[in-house]
Amino acid sequence: MTPEQLDHYREQGYVVLRAFFDPNEMRPWLERLAGLISGEVPRSEGMLLMRDVMVAKGAVEAASPEAALAKVQDFDSDPVLRTFTDHPRVLREVAQITGEHIVGIHNMLINKPPGVDGRHPFHQDLLYFPFRPADRIVASWTALEAVNRENGCLAVVPGSHRGELLPHVNPDWDYLNVGYFGAKGVGAHPDRVHLEMEPGDTVFFHPLMLHGSGRNRSSGFRRAISSHYAAADCAYMEGADRGGARRYRLIQGQAQVGGLLDDGIHLNASGGGERE
């Protein structure tokens, strides 16, 4: 990020970097997705292939296996997909927000098929992370294909990261994918901005920024790949559950005393480690 782009991130809660990846760099991730869907590639440890709720409940019949898939959750053990999380160019930008010691805390590849509801209400990602400070947590989100209002692009509320973590609830919708909570009382925020993006465009955003996405009304898919990162010296909140199933991984630098990886592990001489 240029100094001006970093200022935009700090003031607005997000910044879009255009043409961040070229098609050749992204092709292996799309090919890996195809292999996972077909079954030619085995699922890695901890990975979840999440079907859309309308398919799972029999409300619609998917035209193909790929049309049934909402997203690939937790791909950190996959040697191909994790190259996105570990990409030096991504980490260079992330380090401007987290500092040089970086922990990977979540990743997913979003398939967003047509023919289903697939909306994600406005929410704040900090809801899912029981550690602080929020200002040293960041998401990267890359469009693998063209993303626009027709196929359900991201919408953000600029400046909302300066507020507090709001209560989140399940909206009163007929079909809602598991874990798609919405910030209580927000609805279709009047200040929302739709982020239309070309393949390779990448947005970095703050975990308190309100964001969501609409239905995919196109005949194609709306595919994106995303990872979340935190500073290694982020600390768990008092009383927080540290025993969740998701594993955090040191990506760059060293684990820090009192930080995310200094719990239930032995910090070796290099400072490496995972949260068990």
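First, a word on scope: everything that follows refers to the structure included in this document. A quick note: this is a predicted structure, and the numbers were derived from the prediction, not measured.

Across its full length, the protein chain holds six helices and 16 strands. In terms of overall size, the protein chain behaves like a compact globule, its C-alpha atoms giving a radius of gyration of 18 Å where 276 residues would be expected to give roughly 19 Å. Each principal axis of the C-alpha distribution contributes one length, and for the protein chain these read about 55 × 45 × 40 Å. In the protein chain, buried positions account for 51% of the 276 residues. In the protein chain, the share of contacts with a sequence separation of at least 24, taken over all contacts with a separation of at least 6, comes to 82%. On the protein chain, the mean spot of the 28 positive side-chain charges and the mean spot of the 36 negative ones are 3 Å from each other.

So, on to the layout of surface pockets. Taken as a whole, the second largest pocket spans an internal volume of roughly 510 Å³. Surrounding the second largest pocket, 25 residues form its lining, His120, Phe122, Ala188, Ser213 and Gly214 being those nearest its centre. Sort the elements by how many residues they give to the lining of the second largest pocket and strand β5 (residues 120–123) lands first, with three residues. Of the residues that constitute the lining of the second largest pocket, the class distribution is ten nonpolar, nine polar and six charged.

Spatial ordering of the open sheet is given by β5-β13-β8-β11, a layout of four strands whose pairing is antiparallel. Of all the strands in the sheet, just β5 and β11 (193–195) have a single pairing partner and so form its edges. Averaged over all pairs of adjacent strands, the angle between strand axes in this sheet comes to 25 degrees, irrespective of strand direction. Strand direction decides the pairing type here: β5 and strand β13 (residues 211–213), joined by two bridges, are antiparallel. Across the sheet, the residue bridging to histidine 120 is serine 213, located in β13.

Turning our eyes to something else, we now look at a nonpolar patch on the surface. Taken together, the side chains of Leu127, Tyr128, Leu165 and Phe181 define a hydrophobic patch exposed on the protein surface, amounting to about 290 Å² of accessible area. If you trace the backbone, phenylalanine 181 turns up in the loop between β9 (168–169) and β10 (182–183). Phenylalanine 181 gets classed as partly exposed once you look at its relative accessible area, which sits at 30%.

Attention shifts here to the pattern of salt bridges. A complete count under the given rule lists ten salt bridges for this structure. Here arginine 89 ties to glutamate 25 by a salt bridge, and the two come within 2.8 Å at their closest N and O atoms. Of this pair, arginine 89 sits in helix α6 (residues 88–98) while glutamate 25 sits in helix α2 (residues 23–38), and the two are 64 residues apart along the sequence. Its relative accessible area of 24% is what places glutamate 25 among the partly exposed residues. For arginine 82, the salt bridge is made with aspartate 86, and the minimal N-O distance between the two is 3.6 Å. When salt bridges that share partners are traced, they join Asp76, Arg82, Asp86 and Arg249 into one network.

Another point: the nonpolar core. Counting 31 residues, the largest nonpolar core has Val72 and Phe204 as its most contacted members. Of all the secondary structure elements, the ones that give two or more residues to this core are α1 (3–12), β1 (14–17), α2, β3 (69–73), α6, β4 (102–110) and β14 (224–231). Not counting residues up to four positions away in its chain, the partners in contact with valine 72 are Leu33, Leu36, Met47, Leu48, Leu49, Asn107, Met108 and Leu109. Core analysis: the next-biggest nonpolar cluster, separate from the first, contains 18 residues, Leu126, Phe131, Ala231 and Cys234 among them.

With that settled, the discussion passes to unusual backbone geometry. Omega for the peptide link from arginine 132 to proline 133 comes to 10 degrees, which places this bond in the cis form. Its identity is not glycine, yet alanine 19 carries a phi of approximately 50 degrees, on the positive side. Its place among the elements puts alanine 19 in the loop between β1 and α2.

Our focus in this paragraph is the environment of leucine 210. Tracing the backbone through its elements, the reader meets leucine 210 in the loop between β12 (202–205) and β13. Among the residues examined, leucine 210 registers a relative accessible area of 7% and is labelled buried. Excluding residues within four positions of it along the chain, leucine 210 makes contact with Phe122, His123, Gln124, Ala155, Val156, Val157, Ser160, Leu166, Ala183 and Val186.

Under the counting rule described, the total for this entry stands at eight aromatic pairs. Residues phenylalanine 129 and phenylalanine 131 carry aromatic rings whose centres are separated by 5.8 Å and whose planes lie at 25 degrees to one another, so their mutual orientation is stacked. For the residue pair phenylalanine 129 and phenylalanine 131, the accessibility class agrees, reading buried in each case. Arranged with centres 5.9 Å apart and planes meeting at 85 degrees, the rings of phenylalanine 131 and tyrosine 236 form a pair that is edge-to-face.

Analysis parameters
Residues numbered from 1 in each chain as written. Predicted model: local features only at pLDDT ≥ 70, side-chain atom pairs only at ≥ 80, totals over all residues. Heavy atoms only, no water. Helix = DSSP H or I, 4+ residues; strand = E, 2+ residues; numbered from the N terminus. Rg over C-alpha atoms; globule rule 2.2 N^0.38 Å. Buried < 20%, exposed > 50% of the residue type's maximum accessible area, 1.4 Å probe, protein only. Contact = heavy atoms within 4.5 Å. Lys, Arg positive; Asp, Glu negative; His and termini not counted. Charge placed at Lys NZ, Arg CZ, Asp CG, Glu CD. 1 Å grid on protein atoms, 1.4 Å probe; cavity = no way out; pocket = protein on both sides within 12 Å on 5 of 7 lines; lining within 4 Å. Points joined across faces, edges and corners; volume = space filled by probe spheres on them. Nonpolar A, V, L, I, M, F, W, Y, C, P; charged D, E, K, R; others polar. Pairing = 2+ DSSP bridges. Axes fitted to C-alpha atoms, helices over the stretch in contact; angles between N-to-C directions. Patch = residues over 30% accessible without salt bridge, like charges linked within 9 Å, V, L, I, M, F, W, Y side chains within 5 Å. Areas by Shrake-Rupley, 256 points an atom, 1.4 Å probe, with all protein chains shown as cover. Salt bridge = Lys/Arg side-chain N within 4 Å of Asp/Glu carboxyl O. Core = buried A, V, L, I, M, F, W, Y, C linked by side-chain atoms within 4.5 Å. Phe/Tyr/Trp six-rings, centres within 6.5 Å; stacked < 30°, edge-to-face > 60°.

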